[in-house]
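Each chain is listed here by its residues.
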Amino acid sequence: NGPVDILCNNAGIQFTATIEEMPRDKWNDIIAINLSSYFDTMRLLLPQMQERGFGRVINTSSVHGLIASVAKAPYVAAKHGVVGLTKVAALEYAASGSRESGGVTVNAICPGWVETALIEPQIQAKVALHNGDRAAGIADLLSEKQPSRRMSTPEEIGAIAVFLCSNAAHNITGASIPVDGGWTAQ
């Protein structure tokens with residue numbers, strides 16, 4: 001197999017409970033999958049990218065890497081950790097390569113609500129309250145947090161990742177890009 005040029009860390013699990021009620025094993029699992037796995041892949045692949053003078057790391061964080069919500073302590077802690085880890089790695093590898101080679105960059109994408117199968121039950125519950133009107137159900141679901149009241153699609157998040165992998169993005173590193181319909185602007 002050839003060298004790895006692009007690393008997309010996109011693992012994530014969630015469990016909601018207050019700090020007092022959060023099972024320790026759930027804390028450990030969420031931190032391991034949502035943060036430690038990112039560290040391990042970066043630790044193994046960034047030196048190889050540095051040697052070649054080109055590499056892209058795209059870490060999927062979350063809006064919860066920038067702000068908090070109740071009953072999500074391990075998820076919020078892990079996603080904030082991803083943002084911090086992204087910044088450290090970006091600084092450590094910023095001088096690698098050149099404009100011509102493309103350099104090595106490390107960035108985080110911080111999505112708000114993304115329309116995936118994972119949240120489809122929440123969507124359907126709201127759609128039912130709005131007599132089958134999907135747009136109205138989604139707007140209701142998002143009304144508390146995401147001012148646009150529109151979800152992003154996985155393809156839209158992917159398009160941002162594709163741009164960050166281009167040579168035009170050789171000087172974008174250490175960024176945490178919110179894709180949250182204004183959630184973090186409040």
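Residues numbered from 1 in each chain as written. Predicted model: local features only at pLDDT ≥ 70, side-chain atom pairs only at ≥ 80, totals over all residues. Heavy atoms only, no water.

Here I172 lies in the loop between α5 (154-164) and β4 (176-179). On the accessibility criterion, I172 (29% relative accessible area) is partly exposed. Spatially, the C-alpha atoms of I172 and A90 are 9.3 Å apart, while their sequence positions differ by 82 residues. Those residues in contact with I172 that sit more than four places away from it in its chain are T105, N107, F163 and L164. (Helix = DSSP H or I, 4+ residues; strand = E, 2+ residues; numbered from the N terminus. Buried < 20%, exposed > 50% of the residue type's maximum accessible area, 1.4 Å probe, protein only. Contact = heavy atoms within 4.5 Å.)

Here we come to the side chain of N9. Turning to its location among the elements, N9 is positioned in strand β1 (residues 6-9). Residue classification places N9 among the buried positions, given a relative accessible area of 6%. Apart from the residues lying within four places of it in its own chain, the contact partners of N9 are S37, Y38, T41, M42, V57, I58, N59 and T60.

The next thing to look at is the nonpolar core. Core analysis: the largest hydrophobic core is formed by 17 residues, its most contacted members being L7, M42, L46, M49, V57 and V106. Of the residues forming this core, the biggest block, 7 residues, is contributed by helix α1 (residues 24-52). When residues no more than four places from it in sequence are discounted, the contact partners of M42 are L7, N9, P47, V57, N59, L85, A89 and V106. In terms of nonpolar packing, the next biggest core, distinct from the first, is built from 10 residues, V63, L141, M151 and W183 among them. (Core = buried A, V, L, I, M, F, W, Y, C linked by side-chain atoms within 4.5 Å.)

Take the sheet that holds strand β2 (residues 54-60) next. Ordered by their spatial adjacency, 4 strands build an open sheet running β1-β2-β3-β4, and the pairing between neighbours is parallel. Edge positions in the sheet fall to β1 and β4, since each has one partner strand and no second. The average undirected angle you get between the axes of adjacent strands in this sheet is 20°. By the bridge criterion, 4 bridges tie β1 to β2 in an arrangement that is parallel. Counted as the bridge partner of C8 is I58 from β2. Sheet strands touched by helix α2 (residues 73-93): β2, β3 (103-111) and β4. Its angle to β3, the strand with the most contacts, is close to 165°. (Pairing = 2+ DSSP bridges. Axes fitted to C-alpha atoms, helices over the stretch in contact; angles between N-to-C directions.)

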